[in-house]
Every structure is written in structure tokens, then in C-alpha cells.
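# Summary of the model geometry
So the chains spell out like this:
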Amino acid sequence: MEQEKLCIFCGQKPGTFRSTDVNVGGTYQLACKTCAREAKDLDEVSLCRRALQRGLADNPEHIEKRIQLITSAEDHRPKCLRCGGRMIFQKEEQLDNSPLRDGVLCTTFDVRPCYCEDCGRYEFYHPEVVRKNKFLAYLIYKDTK
Ligand SMILES: [Zn+2]
Ligand SMILES: [Zn+2]
């Protein structure tokens, strides 16, 4: 017989109908409904830390990595080339590079814009490239959610 799973936060048996899944740093963890409700008010790092406390969480290595990513992502945030301020990412945009405004020739390309929160300077990043950088990908998620 399969052993009944415990709530990863309080260590109690939640029972079939009183358990739910909580997304902890991209992993799904079993929790009782009371703990799941409390978990909603936590920021992601606090949630990950609490999930690891009892040693009951599945895939703890993944959660550890997520904490490291979140806590060091700000150190990797691009700085403004003009004033050194923080660059804030925005949603992906399509730019029209057409030389003829209403001509048939129309070339568009996707960019990831960001702006300096101090001086307002804009910069554009290649979306594919920034998506591959785990720190920038996290900052984009954080800035645009
Ligand atoms: Zn619980
Ligand atoms: Zn600036």
C-alpha cells in the first residue's frame, strides 16, 4: 500500500480531499489547504525556504537552485549605459523596419525593450538571446508579470 503523503509545510496528513498542489519554484508540492492558503501570501523566496524546512519537499535541489537564481538575479540586471541606473524590462514588441511607410515592403523584427528607471533611456535586446540567459529570463518574468 502506498504511504499517505504529508503536507510539506506542516508535516500533517491532509487526507485525500483536503490536499492540494502548490507551485514552489516551478515544482508541484503537496500541501494541506490551510498551508496552501498561507503560502499564497509569501514571496517566492520565502515560499521556497519554507518548503525546504521539513525536508519533505520533492526535488529539493531544484528549489535550492531557484532560490539561488532569484537572490542573485538582481546582480545580473543590465545597467544603463548613460547613467548606470537599473534597466526595467518590458513586454516583447515588434518593430517595423520598413523603409516605405505604407509600401508593400515591410520587415518586422521582435525586440525585448527595457528602459532606465532613472533617465528613461531605452535599449532593445534580442528576445531569443535574453531568454537563454537564466538571470535575464527571470528578471523579464519579474518585471512583466
Ligand atoms: Zn499543512
Ligand atoms: Zn539611465
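These notes cover the structure that comes with them.

What counts, and at which threshold
Each chain carries its own residue numbering, running from 1 in the direction its sequence is written. Naming scheme: in the order in which they are written, chains are lettered from A and ligands are numbered from 1. A pLDDT threshold of at least 70 governs which residues receive local features in this predicted model, and a stricter bar of 80 or more applies before side-chain atom pairs are shown or counted, although totals over entire chains, interfaces and linings include all residues. Excluding hydrogens and water, the side-chain values take into account all heavy atoms of the structure. Here a helix means four or more residues in a row that DSSP labels H or I, a strand means two or more in a row labelled E, and each is numbered from the N terminus. Expected helix span is given by 1.5 Å per residue-to-residue step, counting one fewer step than there are residues. Whether a residue is buried, partly exposed or exposed follows from its accessible area with a 1.4 Å probe, protein chains only, as a fraction of its type maximum: under 20%, in between, or over 50%, in that order. Throughout, a contact is declared for two residues whenever any of their heavy atoms are within 4.5 Å. To define a nonpolar core, start from buried Ala, Val, Leu, Ile, Met, Phe, Trp, Tyr and Cys residues and group those joined through side-chain atoms within 4.5 Å. The donor set comprises N, O and S atoms within 2.8 Å of the metal, extended to 3.2 Å for Na, K and Ca; water molecules are omitted, so apparent gaps in a site may simply reflect that omission. In this scheme the shape depends on donor count and angles: four donors with every angle between 85 and 135 degrees give tetrahedral, four or six donors with opposite pairs above 155 degrees and others between 65 and 115 give square planar or octahedral in turn, and any other case is irregular.

Attention now moves to helix α3 (residues 60-73). The end-to-end C-alpha distance of α3, which contains 14 residues, comes to 20 Å, matching closely the 20 Å that a straight helix rising 1.5 Å per residue would cover. Of the positions making up α3, those classed as buried are Ile 63, Arg 66, Ile 67, Leu 69, Ile 70, Ser 72 and Ala 73. For α3, the secondary structure elements touched by its buried residues are β1 (19-24), β2 (27-32), α2 (44-53) and α5 (134-144).

So, on to the nonpolar core. With 31 residues, the main nonpolar core has Cys 7, Phe 9, Val 22, Val 24, Ala 31, Leu 47 and Phe 89 as its most contacted residues. The set of elements that each furnish at least two residues to this core consists of β1, β2, α1 (33-39), α2, α3, β3 (87-89), β5 (108-116) and α5. For Phe 9, the residues in contact, after removing those within four places along its chain, are Val 22, Val 24, Ala 31, Cys 35, Ala 39, Leu 47, Arg 50, Ala 51 and Arg 54.

Bringing the coordination of the zinc ion (ligand 2) into the picture now. Within the first shell, the zinc ion (ligand 2) binds the protein through Cys 80 (SG), Cys 83 (SG), Cys 116 (SG) and Cys 119 (SG), at distances of 2.3 to 2.4 Å. Considering all four donor atoms around the zinc ion (ligand 2), the spread of angles at the metal, 100 to 119°, places the coordination shape in the tetrahedral class. As a motif over one chain, the donors of the zinc ion (ligand 2) read C-x2-C-x32-C-x2-C. With a relative accessible area of 42%, Cys 83 lands in the partly exposed category.

What follows covers the coordination of the zinc ion (ligand 1). Put simply, a metal with four donors set out as a tetrahedron has ideal angles of 109.5 degrees, and one with six donors set out as an octahedron has ideal angles of 90 or 180 degrees. Protein coordination at the zinc ion (ligand 1): the donors are Cys 7 (SG), Cys 10 (SG), Cys 32 (SG) and Cys 35 (SG), at 2.2 to 2.3 Å from the metal. Coordination at the zinc ion (ligand 1) is tetrahedral: its four donor atoms span angles of 99 to 117° at the metal. Counting the intervening residues between successive donors of the zinc ion (ligand 1) yields the motif C-x2-C-x21-C-x2-C. Taken as a pair, Cys 10 in the segment before β1 and Cys 32 in strand β2 lie far apart in primary sequence, 22 residues in all.

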